[in-house]
Amino acid sequence: MAEKSQAVSVGVLHGPNLNLLGRREPDIYGAEDLEAIDQRLIELARELQVELVSFQSNVEGELVDWIQAASAEFSGLLVNAAAYTHTSIAIRDALKAGGIPFVEVHLTNIQARETFRHHSYLSDLAVGLVTGFGGDSYVLALRALVGYLRRR
Ligand code: DQA
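Described below are features of the structure shown in this document. (Residues numbered from 1 in each chain as written. Predicted model: local features only at pLDDT ≥ 70, side-chain atom pairs only at ≥ 80, totals over all residues. Heavy atoms only, no water.)

### Examining the sheet that holds strand β3 (residues 76–80)
Pairing within the open sheet is parallel, and its 5 strands lie in the order β2-β1-β3-β4-β5. If you trace the sheet from one side to the other, it starts and ends with β2 (51–56) and β5 (128–131), each paired once. Taken pair by pair, the neighbouring strands of this sheet meet at an average axis angle of 20 degrees, ignoring direction. Bridge count for strand β1 (residues 9–14) against β3 is 5 bridges, and the pairing is parallel. Paired with Val10 across the two strands is Gly76, which belongs to β3. This element, helix α3 (residues 60–73), spans β1, β2 and β3 of the sheet and lies at about 175 degrees to β1. (Pairing = 2+ DSSP bridges. Helix = DSSP H or I, 4+ residues; strand = E, 2+ residues; numbered from the N terminus. Axes fitted to C-alpha atoms, helices over the stretch in contact; angles between N-to-C directions. Contact = heavy atoms within 4.5 Å.)

### Describing the nonpolar core
Judged by nonpolar contacts, the single largest core of 27 residues is most densely connected at Val10, Leu41, Leu78, Tyr138 and Leu142. Counting residues per element, the ones that place at least two in this core are β1, α2 (34–48), β4 (102–106) and α5 (136–151). In terms of residue count, the dominant contributor to this core is α5 (7 residues). Among all residues touching Tyr138, those that are not within four sequence positions of it are Val12, His14, Leu18, Ile37, Leu41, Leu78, Asn80, Val105 and Leu107. In this structure, Leu77, Tyr84, Ala94 and Ile100 belong to the second largest nonpolar core, which totals 18 residues. (Core = buried A, V, L, I, M, F, W, Y, C linked by side-chain atoms within 4.5 Å. Buried < 20%, exposed > 50% of the residue type's maximum accessible area, 1.4 Å probe, protein only.)

### A look at the site of the ligand
Taken together, Arg24, Tyr29, Asn80, Ala82, Ala83, His86, His106, Leu107, Thr108, Ile110, Arg113 and Arg117 form the complete shell of residues around the ligand. A distance of 2.8 Å separates an oxygen atom of the ligand from a polar atom in the side chain of Asn80. The contact in question runs from an oxygen atom of the ligand to an N or O atom on the backbone of Leu107, over 2.8 Å. Computed on the free molecule, the ligand has an accessible area of 320 Å², of which 99% lies beneath the protein chains in the complex. Along the lines of polarity and charge, the residues of the shell around the ligand split into 5 nonpolar, 4 polar and 3 charged. (Near = heavy atom within 4 Å. Polar contact = N/O pair within 3.5 Å; in protein donor to acceptor, adjacent residues only side chain to side chain. Areas by Shrake-Rupley, 256 points an atom, 1.4 Å probe, with all protein chains shown as cover. Nonpolar A, V, L, I, M, F, W, Y, C, P; charged D, E, K, R; others polar.)

### Re the pairing of β4
Burial of β4 is extensive: 5 of the 5 residues sit out of reach of the surface. Bridge count for β3 against β4 is 3 bridges, and the pairing is parallel. Paired with Leu78 across the bridge in β4 is Val103. Regarding the hand of the β-α-β motif, the stretch spanning β3, helix α4 (residues 89–98) and β4 is right-handed. Two strands pair when backbone bridges link them, and β4 and β5 are joined in this way by 4 bridges, in the parallel orientation. What sits directly across from His106, in β5, is Thr131. (Right-handed = clockwise from strand over helix to strand, strands pointing away.)

### Examining the environment of Gly128
By the secondary structure assignment, Gly128 is in strand β5. Relative accessible area serves as the criterion here: at 22%, Gly128 is assigned to the partly exposed category. Apart from residues no more than four positions distant in its own chain, Gly128 is found in contact with Phe102, Val103 and Glu104.

### Here's the deal with unusual backbone geometry
Positive phi outside glycine occurs at Asn17, with the angle close to 75 degrees. Its location among the elements puts Asn17 in the loop between β1 and α1 (26–29). The class for Asn17 is partly exposed, based on a relative accessible area of 34%. Look at Gln49: it is not a glycine, yet its phi comes out positive at around 60 degrees. Structurally, Gln49 can be placed in the loop between α2 and β2. A relative accessible area of 67% means that Gln49 is categorised as exposed.

Shown next as C-alpha cells:
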C-alpha cells in the first residue's frame, strides 16, 4: 500500500552524557559528536518531509518535562535515554502517560555490554528498537518511525 502523505513531526530525545559524544569513550561511542548526528537527522527529515526537533539534557526531570510537552507536539519520538534507560521509572511513566509512539535508540549494542545495561525500562513500550549502529542507529530509527507513522 502506498504511504499516505500526512504531516509528521518527530521529537528526538538525547539523555545524559550524550552531549559528550565524540570525546566520551570514543572506542565505545565513536568519533561522531551529537551535533553531527542531529545534522544528519535534520537532513534526512528534510528528505522525508517531516519536522524534526532534538533535545538533550543530563537532568532526569528535564527529560520528563520534555516528554510531557512533546506528547502534545509530535507524532512520534526517537528516544535515547542513555543511562536512564536502565534506571528511570519516571521516564518510562512519562512515555506511557503520553502514549506517543517511540523508537528506542542506542549507539551501542546494550545486550553485548555489561549486564546492568541489558535491562531497559522502555523497550516493552517502544514500537521498536535500533541499537548498536553508532550514529546510524538514529538515522535508521528515523526512517523506521516515519514509515510506521505514515502506515498508521
Ligand atoms: C547508550 C547506552 C547506555 O547504556 C549508556 O548509559 C549511554 C548510551 C547508547 O546509546 O549506547 O549513555 O544509551
